[in-house]
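Listed below are the residues making up each chain.
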Amino acid sequence: MKNAAVSINFRNEISKIDKRIYGSFIEHLGRAVYEGIYQPGNPNSDEDGFRKDVIELVKKLNVPIVRYPGGNFVSGYNWEDGVGPKENRPVKLDLAWFTTETNEFGMQEFDKWLEKVGSEMMMAVNLGTRGPDEARNLLEYANFPGGTYWSDLRRSHGKEKPYGIHTWCLGNEMDGPWQMGHKTAYEYARTATETAKLMKWIDPSIELVACGSSNFKMPTFGEWEHTVLREAYEHIDYISMHEYYGNKANDTPSYLAENIGMDRFIKAVIAICDMVKAEKKTDKTINISFDEWNVWYHTKESDELIEHWGRAPHRLEDVYNFEDALLVGGLLITLLKNSDRVKIACLAQLVNVIAPIMSNDETAWAQTIFYPFFHCSEYGRGTALDVDVCCETYDSNKYKGVPYIDSVAVRNDEKREVTVFVLNRSLDDDIEVALDFSENVKPIEHITMAGFGLKDTNTATSCKVVPSSRELKEGSVKLDKASWNVLRYKF
Ligand code: AHR
């Protein structure tokens, strides 16, 4: 048994948490849309063809915003193909994922589905094969009240009131050679700036996310952000970040420290944002939309074998294990620790495709990573508090001086609750943690995910990797080795 101490001072505020930090993502990819959220004729589907069992699980996650329709898909998408009468919608090739897109599902259906799950749309525009003209048309269709060609077209499609979409992405991963319409930093910076201008002229209330790098390892990282921010600064509100993590080397001590890598990436992007802020001598701060993050590596090789031009193939269907859930907990801690600058974050993705929720023709179930996300979404609303952690550290192959304990707290003033999220990275030792609060608190419960094999998974027929609730006493708490913990208190 090791020992550690965690101090929680109610005045050590990081920031009020933007609820959009618990966002997610649905792309026209694999079985995310078709068979995932939309499966007409399935006995579990409702009158609109939406899977009711999936809706129930999505509601539990309480995602306030869902990014759509991609991802790589958006860079070749004609949004007009997915609106209006279904019988007129064209069947087309999708060159992002080499599938056939029927367009049976588009923004109209997505909007209806979002209403049922109680979430909002975060819409991406195509800056790959298209540009400012289509983006402004889409915005006019979506947000303008009426009396113009595009807004009246929307009304003729049965949507009298505007969609009122607030958060928009200016393309997707435009720095990546795999992207349709891949651009140099300067080419993208100019297109994004001109698109942003037109969009804000139509609806000044919207917020815009410009593409940052596709990941920290991109050879153009840094220069890309600098160029985009120098051009677009006045017209945008956020710069995007994307990163996926994996344990291909089967090196769990390094893997469980990957959120330290996420933290370094975030700090690097903040530094560039603030450098441009200084260069421009402006008061305006650009914040971060970490609009793709998750574990993704289990299916990378097998997906290479999928035949081209199928419909809704089983692609990116990573089956997550217990150690993936631990890392997802750590990544959430890092996002919350940076919630003064990370205002939007999207767990990529939501259903069937690198997702917390899986479905087959019979049922829907929660993968291991569902739970830490659910815990943070449920108990992590309010004000993030920086906590003081005193514990031993270890050296892994990839990261040195890794604290065994990682933690953040969230104070919810409405509910008068404070929740401490804690990851125990030690694979060998339980840790007795002495907790010390600046205010009087009364324990509610200790929710934990612990005691599973690191490679244990949940499947359609057997979901064993689930959290359990324990009694929480005042003072100290024992955290099992390799565990995710949610310590809830009333104040
Ligand atoms: O989420 C899967 C894919 O990962 C997205 O389409 C793309 O943006 C990223 O590379």
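Thresholds, definitions, all that
- Residues numbered from 1 in each chain as written.
- Predicted model: local features only at pLDDT ≥ 70, side-chain atom pairs only at ≥ 80, totals over all residues.
- Heavy atoms only, no water.
- Domains from an automatic or database assignment.
- Contact = heavy atoms within 4.5 Å.
- Buried area = accessible area lost by both parts, 1.4 Å probe.
- Salt bridge = Lys/Arg side-chain N within 4 Å of Asp/Glu carboxyl O.
- Pairing = 2+ DSSP bridges.
- Helix = DSSP H or I, 4+ residues; strand = E, 2+ residues; numbered from the N terminus.
- Axes fitted to C-alpha atoms, helices over the stretch in contact; angles between N-to-C directions.
- Buried < 20%, exposed > 50% of the residue type's maximum accessible area, 1.4 Å probe, protein only.
- Phe/Tyr/Trp six-rings, centres within 6.5 Å; stacked < 30°, edge-to-face > 60°.
- Lys NZ or Arg CZ within 6 Å of the ring centre and 35° of its normal.
- Core = buried A, V, L, I, M, F, W, Y, C linked by side-chain atoms within 4.5 Å.
- Parallel < 35°, antiparallel > 145°, perpendicular 65-115°, else oblique.
- Nonpolar A, V, L, I, M, F, W, Y, C, P; charged D, E, K, R; others polar.
- Polar contact = N/O pair within 3.5 Å; in protein donor to acceptor, adjacent residues only side chain to side chain.
- Expected span 1.5 Å × (residues − 1).
- Near = heavy atom within 4 Å.
- Areas by Shrake-Rupley, 256 points an atom, 1.4 Å probe, with all protein chains shown as cover.
- 1 Å grid on protein atoms, 1.4 Å probe; cavity = no way out; pocket = protein on both sides within 12 Å on 5 of 7 lines; lining within 4 Å.
- Sits in = over half its atoms within 2 Å of the grid points.

J.: Tell me about the domain arrangement of the chain, and please be specific about residues and values.
T.: Domain annotation for the chain reports domain 1 (2–8 + 387–490) and domain 2 (18–379). If you average the C-alpha positions of domain 1 and of domain 2, the two centres end up 30 Å apart. With 40 residues of domain 1 at the interface, the matching set in domain 2 holds 37 residues. Interface area, domain 1 with domain 2, both sides summed: about 3200 Å², of which 67% is carbon and sulfur. Summed over the shared surface of domain 1 and domain 2, the number is three salt bridges.

J.: Requested: an account of the sheet that holds strand 9 (residues 238–245), with residues and values cited.
T.: If you trace the eight strands once around the closed barrel, you get 2-3-6-7-8-9-10-11, paired in parallel fashion. With strand direction ignored, the average angle separating the axes of adjacent strands in the sheet is 30°. Here three bridges tie strand 2 (residues 23–25) to strand 11 (residues 342–348), and the two strands are oriented parallel to one another. Bridge pairing in strand 11 links Gly23 to Cys346. The sheet strands contacting helix 5 (residues 185–202) are strand 6 (120–125), strand 7 (167–170) and strand 8 (207–210), and the helix crosses strand 7 at an angle near 150°. On the sheet, helix 9 (residues 322–337) packs against strand 9, strand 10 (287–295) and strand 11 and is oriented at approximately 175° with respect to strand 10.

J.: Describe the environment of Leu29, and please don't skip the residues or the numbers.
T.: Topologically, Leu29 is positioned in the loop between strand 2 and helix 1 (52–61). Accessibility expressed as a relative area gives 3% for Leu29, which makes it buried. Sequence-wise, Leu29 and Phe216 are 187 residues apart; in three dimensions their C-alpha atoms are separated by 24 Å. Not counting chain neighbours up to four residues away, the residues in contact with Leu29 comprise Trp97, Arg315, Leu316, Gln349 and Val353.

J.: Go over the packing of aromatic side chains, please, and point to the residues and values.
T.: Under the criterion given, the structure shown has 29 aromatic pairs. Note on Tyr22 and Phe373: the rings are 6.2 Å apart at their centroids and 90° apart in plane angle, and the pair reads as edge-to-face. Note that Tyr22 is positioned in the loop between strand 1 (2–16) and strand 2 and Phe373 in helix 10 (residues 370–379), a separation of 351 residues in sequence. For Phe373, a relative accessible area of 0% gives the class buried. Here Phe216 and Phe265 contribute two aromatic rings whose centre-to-centre distance is 4.6 Å and whose plane-to-plane angle is 15°, an arrangement assigned as stacked. Taken together, the residues Phe216 in the loop between strand 8 and helix 6 (223–232) and Phe265 in helix 8 (residues 258–280) connect sequence positions 49 residues apart. The structure contains a cluster of three or more aromatic residues connected by ring pairs, namely Tyr34, Tyr38, Phe50, Tyr68, Phe105, Phe110 and Trp113. If you follow Lys60 out to its NZ or CZ, it ends over the ring of Phe374, 4.8 Å from the centre. The side chain of Lys300 reaches across the aromatic face of Trp296, ending 4.0 Å from its centre.

J.: Quick rundown of the nonpolar core? Include the residues and the values.
T.: One finds Trp168, Leu170, Phe290 and Trp293 to be the most contacted residues of the largest nonpolar core, which totals 166 residues. Per-element tally for this core: the top contributor is helix 9, with 10 residues. Mapping this core onto the domain boundaries places at least three of its residues in each of domain 1 (2–8 + 387–490) and domain 2 (18–379).

J.: How would you sum up the packing of helix 1 against helix 2 (residues 107–117)? Please name residues and give values.
T.: Two elements in contact, helix 1 and helix 2, have axes separated by 9 Å at closest approach and are oriented at 60°. One way to sum up the angle between helix 1 and helix 2 is to call them oblique. Between helix 1, through Ile55, Val58 and Lys59, and helix 2, the contact on the second element is made entirely by Trp113, Lys116 and Val117. Looking at the contact of helix 1 with helix 2, its residues break down into four nonpolar, no polar and two charged.

J.: Which residues make up the environment of Asn12, and what are the values?
T.: Positionally, Asn12 belongs in strand 1. In contact with Asn12, other than residues within four places in its own chain, are Ala384, Leu385 and Asp386.

J.: I'd love a proper account of the side chain of Asn287, names of residues and values included.
T.: With respect to the helices and strands, the residue Asn287 is situated in strand 10. Within the local environment of Asn287, its side chain forms a polar contact with the side chain of Arg341, the two groups lying 2.9 Å apart. In this view, Asn287 contacts Asp237, Tyr238, Ile239, Asp340, Arg341 and Lys343; residues no more than four positions away in its chain are not counted.

J.: With reference to specific residues and values, describe helix 3 (residues 132–143).
T.: Taking 1.5 Å per residue as the helical rise, helix 3 with its 12 residues ought to reach 16 Å, and the 16 Å between its terminal C-alpha atoms agrees with that figure. Restricting attention to buried positions, one finds in helix 3 the residues Ala135, Asn137, Leu138, Leu139, Glu140, Tyr141, Ala142 and Asn143. Buried residues belonging to helix 3 abut helix 2, strand 6, helix 4 (149–156), strand 7 and helix 5.

J.: Give a description of the site of the ligand that names residues and reports values.
T.: By nearness alone, 13 residues border the ligand, and Glu27, Asn72, Glu173, Tyr244 and Glu292 come closest of all. Measuring from an oxygen atom of the ligand, one finds a side-chain N or O atom of Glu173 at 2.7 Å. Protein contacts shield 95% of the accessible area of the ligand, which totals 280 Å² for the unbound molecule. Its atoms largely coinciding with the cavity grid, the ligand occupies the largest pocket. Partitioning the shell around the ligand into residue classes produces six nonpolar, four polar and three charged.

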